[in-house]
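# Chains, contacts and geometry: an overview
Take a look at the letters that make up each chain.
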Amino acid sequence: MVPALVSLCARVVVSDHSSSPRWISCLPRELYTPLLEAAVSDCRPLAVGELVQRWPERTLQVGPGPRGRAWPDRLCIQALLNGVTRGISNQSCALKILDLCGLQSPSKAQIDRGDLMGGWSLTVAVCSMVIQASAGMKERKRFSALKREKDVKRERGRWQMSINQDPGNASTDGSGFFGTDRIGLSGRLSQEDLVKGVRRRMEMERKRESTLADVAGSRRDNEETDPDRDVLMHVIVDLFANSRSFGRIHIALTTLGPLKLHCRYLRVEDLTMPKLRTLLSLLPHQSLLGFDIRYTSLGAAGFIELLPLLSTFPALHSLQLHYCNLDIRRDYFVEDDELRTMSQGLARLQKLKRLSVTALHMPGQLRAFLSSLPQPLETLEISSSRLRSEDFAYLSRSHHASSLQQLDLSSNRLDNSILPSLRHLLYQASSSLQDLCLCACGLTDNGLGLLQPSLQCCRALKSLALASNLLSMAGILDLVRTAVRMPSLRRLLYPMPVESSDEDLDCPLLESTITIQLNRILLDSGRSNMLLTSELDTFDENILD
């Protein structure tokens, strides 16, 4: 009740921006978070900017939170970034770490519902913020230097004016002033003493300038040895790099300034190998956790070249390769020594826990590809890869089998020669497997019937996807009856029955009939908390929540 009341009051406060000067100056630090959440949920970008530039905490995380928290729209994110830039020079802002991870990948349904930033737009906006902050710092330094130079010239002018107006008041002691012992009876200095005094003053000025030059030189040396010397805030974000955003990312990573960019997850699309090599060399090596490369003509040689670069990131635990032109068919594409080199490169990825591959054509070579990984995988996604029975036989007996939490084998045909190995794999992973995807695997009623005992043994299974398989209406009903007897299962993606392809049937009527029958099974079993759907978007959005 109390959090709900605080949230309601926060929405009322941020609704009127004209009143913000009254409450922003006396706001307790405990109320900044609910006010920021209210400003984001109600799309109040002006309030977002004012709160962020006065943020009282050391850390601010703006990524996706618990269910029900609003996803920031484009205006709120832009206001937040502008507030960060203004808050650098604000004495009341204590923000040192800004975490924007997770904002790169809203679901398609969320994007359709509002004006949300995609991965590319967010990357460009964050990099622009870093560059703008650096330019602002350089401008402030330039004005400070001009002001100091102006003050020095003003002091020199005053001193010279005082000498010209009354040379008898000058001195020639060690401090640059003339002592009274050199003054004659007339109270005036001789021409020789005056020249000596001026020379003494010029020598002192030269020594002072030399000292300042030495200090500036040592400062430059310190900046070269410590590039983070001027860093006031660390910005952690997921980056989306392609041919259009590469230049902006390159500038942001090489620019020294008050904001330092860290990448948690890097997604790359359509980049050449030289640009990819340059990008990886610029990233802070301790922060990168995941690398996702898509739609890039990498090839086997490029993948072999990429692996040593990835091994320099000690915390890397996720590697995704989607449609990268990797065809590892041993008979005519890749020689034994290249396959061995690839295996050795994978062995250097000491922390790898997730491997996701699409269209990696390696029939019969899964053992050579996965056996060298030092740690057992928790997530394995191998879709559209033409796996053979020997690949499934290896996987079911590998050191990965008992640790798998997520397994995606979609678009690999599961015939009768493969099903025994798949059943053994499910038994091995029965205590850990939580998400299983077998979409478009050519499963029939008979094949699924052979797998159902193994599926029932998966005690931790929460999500099961079987779309685009060749199941009849009777097979789908049998599948749902099995699913409701699995207490941990919460989501089931079933295919449309093969009867729907009959032109004589009315598809909307058939879908309605299926929904009624499946809901009746759920009600009779008391499993109203289970999601049954044949729509992929609904299934994916539920998993995201």
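Above this text is the structure in question.
Residues numbered from 1 in each chain as written. Predicted model: local features only at pLDDT ≥ 70, side-chain atom pairs only at ≥ 80, totals over all residues. Heavy atoms only, no water.

Its place among the elements puts Ala-133 in helix H7 (residues 119-165). For Ala-133, a relative accessible area of 5% gives the class buried. Each C-alpha atom, one on Ala-133 and one on Leu-256, is 9.7 Å from the other, the two residues being 123 residues apart in sequence. Those residues in contact with Ala-133, other than ones at most four positions away along the chain, are Ile-88, Pro-258 and Leu-259. (Helix = DSSP H or I, 4+ residues; strand = E, 2+ residues; numbered from the N terminus. Buried < 20%, exposed > 50% of the residue type's maximum accessible area, 1.4 Å probe, protein only. Contact = heavy atoms within 4.5 Å.)

Here we take up empty space enclosed by the protein. This model, assessed by the stated rule, comprises one cavity of 30 Å³ or more. Estimates place the volume of the largest cavity at around 30 Å³. Lining the largest cavity, in full, are Gln-452, Leu-455, Leu-464, Leu-479, Thr-482, Ala-483 and Met-486. Going through the elements one at a time, helix H16 (445-456) and helix H17 (473-483) are the ones with two or more residues in the lining of the largest cavity. Tallying contributions element by element places H17 first for the lining of the largest cavity, with three residues. (1 Å grid on protein atoms, 1.4 Å probe; cavity = no way out; pocket = protein on both sides within 12 Å on 5 of 7 lines; lining within 4 Å. Points joined across faces, edges and corners; volume = space filled by probe spheres on them.)

Here we take up the pairing of strand S3 (residues 233-241). Where burial is concerned, most of S3 is hidden: eight out of the nine residues are buried. Pairing between strand S2 (residues 97-99) and S3: three bridges, direction parallel. For Ile-97, the partnering residue across the bridge sits in S3 and is His-234. Tracing the backbone out of S3, into helix H9 (residues 246-254) and back to the parallel element strand S4 (residues 259-269) gives a crossover that is right-handed. (Pairing = 2+ DSSP bridges. Right-handed = clockwise from strand over helix to strand, strands pointing away.)

Taken as a whole and judged by the stated rule, the model has nine salt bridges. Linking Arg-29 and Glu-57 is a salt bridge whose minimum nitrogen-to-oxygen distance equals 3.2 Å. Of this pair, Arg-29 sits in the loop between helix H2 (20-24) and helix H3 (32-41) while Glu-57 sits in the loop between helix H4 (45-52) and strand S1 (59-61), and the two are 28 residues apart along the sequence. Among the residues examined, Arg-29 registers a relative accessible area of 45% and is labelled partly exposed. The closest approach of N and O atoms between Asp-99 and Arg-264, which form a salt bridge, is 3.9 Å. One end of the pair, Asp-99, is in strand S2; the other, Arg-264, is in strand S4, and 165 residues separate them in sequence. Look at Asp-99 and you get buried, because its relative accessible area is 12%. (Salt bridge = Lys/Arg side-chain N within 4 Å of Asp/Glu carboxyl O.)

By the burial criterion, the buried members of helix H15 (residues 419-428) are Leu-419, Ser-421, Leu-422, Leu-425 and Leu-426. One side of H15 holds all its buried residues, which, seen down the axis, span an arc of 160°. On its buried face, H15 sits against helix H14 (389-397), strand S9 (406-408), strand S10 (435-437) and H16. (Arc of directions from axis to C-beta.)

Counting residues in each nonpolar core, the largest one holds 137 residues, and the members touching the most others are Leu-100, Leu-261, Leu-266, Phe-291 and Leu-370. Element by element, the count of residues in this core is highest for H7, at seven residues. In this structure, Ala-465, Ala-467, Leu-493 and Phe-539 belong to the second largest nonpolar core, which totals six residues. (Core = buried A, V, L, I, M, F, W, Y, C linked by side-chain atoms within 4.5 Å.)

Once that is clear, we can look at the side chain of Ser-488. You can see Ser-488 is positioned in the loop between H17 and strand S12 (491-493). Classification of Ser-488 as buried rests on a relative accessible area of 17%. Among the polar contacts listed, one links the side chain of Ser-488 to the backbone oxygen of Leu-461, at a separation of 2.7 Å. Leaving out residues up to four positions away in the same chain, Ser-488 has contacts with Cys-458, Arg-459, Ala-460, Leu-461 and Lys-462. (Polar contact = N/O pair within 3.5 Å; in protein donor to acceptor, adjacent residues only side chain to side chain.)

The element strand S7 (residues 354-358) is extensively covered by neighbouring structure, given that four of its five residues are classed as buried. One ladder, built from five bridges, connects strand S6 (residues 318-322) with S7; its direction is parallel. Across the sheet, residue Gln-320 finds its bridge partner in S7, namely Ser-356. As judged from the five bridges shared by S7 and strand S8 (residues 379-383), these two strands associate in the parallel manner. The residue of S8 that forms the bridge with Ser-356 is Glu-381.

For any two aromatic rings, the description comes down to two numbers: the centre-to-centre distance and the angle of the planes. This structure, assessed with the given rule, holds three aromatic pairs. Considering the side-chain rings of Tyr-32 and Trp-55, the 5.8 Å spacing of their centres and the 85° angle between planes classify their relative orientation as edge-to-face. One end of the pair, Tyr-32, is in helix H3; the other, Trp-55, is in the loop between H4 and S1, and 23 residues separate them in sequence. Neither residue differs from the other here; Tyr-32 and Trp-55 are each classed as buried. We note Arg-244 situated over the ring of Trp-120; from NZ or CZ to the ring centre the distance is 4.3 Å. Lying over the aromatic face of Phe-240, Arg-267 brings its terminal NZ or CZ to 5.0 Å of the ring centre. (Phe/Tyr/Trp six-rings, centres within 6.5 Å; stacked < 30°, edge-to-face > 60°. Lys NZ or Arg CZ within 6 Å of the ring centre and 35° of its normal.)

Along the chain, the position of Ser-372 falls in the loop between helix H13 (366-370) and S8. Of the residues examined, Ser-372 reaches a relative accessible area of 18% and is grouped as buried. Discounting residues that sit within four places of it in the chain, Ser-372 has contacts with Ser-343, Leu-346 and Ala-347. In this structure the side chain of Ser-372 is engaged in a polar contact, spanning 2.8 Å, whose partner is the backbone oxygen of Ser-343.

A few words on the packing of H9 against helix H10 (residues 273-282). Two elements in contact, H9 and H10, have axes separated by 10 Å at closest approach and are oriented at 30°. One way to sum up the angle between H9 and H10 is to call them roughly parallel. Classified by chirality, the crossing of H10 by H9 is left-handed. Where H9 approaches H10, its residues Phe-246, Ile-249, His-250, Leu-253 and Thr-254 are matched on the opposing element by Lys-275, Thr-278, Leu-279 and Leu-282. A class-by-class count of the residues in the contact of H9 with H10 yields five nonpolar, three polar and one charged. (Axes fitted to C-alpha atoms, helices over the stretch in contact; angles between N-to-C directions. Parallel < 35°, antiparallel > 145°, perpendicular 65-115°, else oblique. Left-handed = near helix turned anticlockwise from the far one by under 90°. Nonpolar A, V, L, I, M, F, W, Y, C, P; charged D, E, K, R; others polar.)

The contact between H10 and helix H11 (residues 299-310) brings their axes to 11 Å, and the two run at 5°. The orientation of H10 relative to H11 falls into the category roughly parallel. Contact residues: H10 offers Met-273, Leu-276, Arg-277 and Leu-280, while H11 offers Gly-302, Glu-305, Leu-306, Leu-309 and Leu-310. The residue makeup of the contact of H10 with H11, split by class, is six nonpolar, one polar and two charged.

The topology assignment puts Asp-408 in strand S9. No salt bridge is formed by the buried Asp-408; its nearest oppositely charged neighbour, Arg-354, is found at 8.0 Å. A polar side-chain atom of Asp-408 sits 2.9 Å from a polar atom in the side chain of Ser-410. The contacts of Asp-408, once residues within four sequence positions are left out, are Leu-380, Glu-381, Ile-382, Ser-383 and Cys-437. (Lys, Arg positive; Asp, Glu negative; His and termini not counted.)

Nothing here speaks to function; it is all geometry.
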